[in-house]
Amino acid sequence: MKNFVTKENLNHRIMQFIILVAHLVLLKWIIYTLSEGGVLPFQTLMYHFLGISVSGGVLIRFCAWFYKKQYLKELEKNGHEPKLEK
């Protein structure tokens, strides 16, 4: 735990924190939509669910892109040839 945040991985930890906050905001939005679902008009409720699904999909794609980039950077740093298709 002592070496959880070091000078070398500070950018990585900051990005993990941003991703955590984005997930928590999305979770709060989901909880709000589910709790207010009985009083919201149907069209508004559908727009909320559409926004939640698009936001979740973008967040998943961003996380996958970011961690693939980090993985390839780490492979190059250690002198290994990346074998992932681009």
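A brief look at the structure comes next. (Residues numbered from 1 in each chain as written. Predicted model: local features only at pLDDT ≥ 70, side-chain atom pairs only at ≥ 80, totals over all residues. Heavy atoms only, no water.)

### Considerations on helix α2 (residues 42-77)
Here is step 1 of the chain: Given a rise of 1.5 Å per residue, 36 residues ought to cover 52 Å, and the 52 Å separating the end C-alpha atoms of α2 matches this to within 8%.
Here is step 2 of the chain: Burial in α2 covers these residues: Leu 45, His 48, Gly 51, Ile 52, Gly 56, Leu 59, Cys 63, Phe 66, Leu 72 and Leu 75.
Here is step 3 of the chain: Those residues of α2 that are buried are in contact with α1 (10-35).
Here is step 4 of the chain: Positive backbone phi, approximately 85 degrees, marks Gly 79, located one or two places after α2. (Helix = DSSP H or I, 4+ residues; strand = E, 2+ residues; numbered from the N terminus. Expected span 1.5 Å × (residues − 1). Buried < 20%, exposed > 50% of the residue type's maximum accessible area, 1.4 Å probe, protein only. Contact = heavy atoms within 4.5 Å.)

### Topic: the packing of α1 against α2
Here is step 1 of the chain: Their axes nearest at 10 Å, the elements α1 and α2 cross at an angle of 165 degrees. Classified by the angle their axes make, α1 and α2 are roughly antiparallel. Once α1 is placed against α2, the crossing between them reads as left-handed.
Here is step 2 of the chain: Of the residues belonging to the contact of α1 with α2, the class tally is 16 nonpolar, nine polar and no charged. (Axes fitted to C-alpha atoms, helices over the stretch in contact; angles between N-to-C directions. Parallel < 35°, antiparallel > 145°, perpendicular 65-115°, else oblique. Left-handed = near helix turned anticlockwise from the far one by under 90°. Nonpolar A, V, L, I, M, F, W, Y, C, P; charged D, E, K, R; others polar.)

Don't take any of this as a statement about function, it's just geometry.
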